[in-house]
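Descriptive structure summary
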Amino acid sequence: MMGDRRIAQIVTSQGELYFYTHIRGKELPMHGQIALDMAVTRWDHEEYALKIVLDQLIRLSESRDKEDNAGIVFNADTLEDEYSEPLSVIIDLTTWKVTQFTEGMDYFEEVNDG
């Protein structure tokens, strides 16, 4: 659904970067968990795991080979105002956990892939 914006922070031992989407955003917590599950075979090689996570997020957001729909930035402050949605998902490659922000509750909770 167009206009369904969300932002995911991807945490690595080297720092963080941000994946944003404005389509299928409500599915970003689930997509984050799927992406992390796909990268688990490379848990000991963070750079390669990051490549897999990004590739899966792009694929799952239906943004592959498209000019828009999603993007990657190193600083969330550089996103245009229309993408200034609050952070909704954290994909942490240092702890191998995905957490999501629970609206109205002001906290993050772990996403389960079950």
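All of these numbers come straight from a predicted model, not from anything done at the bench. (Residues numbered from 1 in each chain as written. Predicted model: local features only at pLDDT ≥ 70, side-chain atom pairs only at ≥ 80, totals over all residues. Heavy atoms only, no water.)

1. Thoughts on the overall build of the protein chain
Selection rule: To qualify as a helix, a DSSP run of H or I must reach at least 4 residues; to qualify as a strand, a run of E must reach at least 2; elements of each kind are numbered from the N terminus. Partly exposed residues are those whose accessible area sits between 20% and 50% of the maximum for their type, while under 20% is buried and over 50% is exposed, using a 1.4 Å probe and protein chains only. In this description, accessible areas are obtained by the Shrake-Rupley approach with a 1.4 Å probe, and a residue is regarded as covered only by the protein chains that are shown.
Within the protein chain one finds 2 helices and 6 strands. Along the protein chain, from the amino end to the carboxyl end, the secondary structure elements read β-β-α-α-β-β-β-β. Within the protein chain, the fraction of its 114 residues that count as buried is 43%. Of the roughly 6,800 Å² of accessible surface on the protein chain, a fraction of 48% belongs to carbon and sulfur atoms.

2. What about unusual backbone geometry?
Across residues other than glycine, the phi torsion is negative in most instances, and most of the peptide bonds are trans. Of note, the phi angle at Trp96 is positive, near 60°, even though the residue is not glycine. Checked against the element boundaries, Trp96 lands in the loop between strand E4 (87-92) and strand E5 (97-102). Residue classification places Trp96 among the partly exposed positions, given a relative accessible area of 24%.

3. Some points on the nonpolar core
Threshold: Only buried residues count toward a nonpolar core. Its members are Ala, Val, Leu, Ile, Met, Phe, Trp, Tyr and Cys residues joined through side-chain atoms within 4.5 Å.
Counting residues in each nonpolar core, the largest one holds 19 residues, and the members touching the most others are Ile10, Val53, Leu57 and Ile91. Going through the elements one at a time, strand E1 (2-12), strand E2 (15-23), helix H1 (28-39), helix H2 (46-60) and E4 are the ones with two or more residues in this core. With 6 residues, H2 is the single largest residue contributor to this core.

4. A few points about the confidence of the model for the protein chain
In low-pLDDT segments, the atomic positions of the prediction should not be examined closely. For the record, the criterion: Residue-level confidence of the predictor is what pLDDT reports, using numbers from 0 through 100.
When pLDDT is averaged along the protein chain, the result is 82, and 76% of the positions lie at 70 or above. No element of the protein chain has a lower mean pLDDT than strand E6 (residues 107-110), at 59, and none a higher one than H2, at 95.

5. Examining the environment of Thr95
Tracing the backbone shows Thr95 in the loop between E4 and E5. Linking Thr95 and Thr12, residues 83 residues apart in sequence, is a C-alpha distance of 9.2 Å.

6. Examining the packing of aromatic side chains
Spelled out, the test is: Each Phe, Tyr or Trp ring, with Trp reduced to its six-membered ring, pairs with another whose centre is within 6.5 Å; inter-plane angles below 30 degrees give stacked pairs, above 60 give edge-to-face pairs, and intermediate values give tilted ones. Whether a charge lies above a ring is judged from NZ of Lys or CZ of Arg, which has to be within 6 Å of the ring centre and within 35 degrees of the ring normal.
Using the criterion set out here, one finds 0 aromatic pairs in the structure. Over the face of the ring belonging to Tyr48 we find Arg42, whose NZ or CZ atom lies 4.2 Å from the ring centre. In this structure, Lys51 packs its charged tip against the face of Tyr48, placed 5.3 Å from the ring centre.

7. Overview of the environment of Asp55
Note on placement: Asp55 falls in helix H2. Taking the C-alpha atoms as reference, Asp55 lies 8.1 Å from Ala35; in sequence the two are 20 residues apart.

8. Here's the deal with the packing of H1 against H2
Definition in use: To define axes, lines are fitted to C-alpha atoms, for helices over the stretch in contact only, and angles between the resulting N-to-C directions are given on a 0 to 180 degree scale. Here roughly perpendicular refers to angles of 65 to 115 degrees, roughly parallel to angles under 35, roughly antiparallel to angles over 145, and oblique to all remaining angles. By convention the crossing between two helices is left-handed if the near helix lies anticlockwise of the far one by an angle smaller than a right angle, and right-handed if it lies clockwise. By definition in these notes, contact holds between two residues if any of their heavy atoms fall within 4.5 Å.
Contact geometry for H1 and H2: axes closest at 8 Å, N-to-C directions at 140°. In terms of axis orientation, H1 runs oblique to H2. For the element pair H1 and H2, the recorded crossing hand is right-handed. Touching Leu28, His31, Gly32, Ile34, Ala35, Leu36, Met38 and Ala39 of H1 are Ala49, Ile52, Val53, Gln56, Leu57 and Leu60, all from H2.

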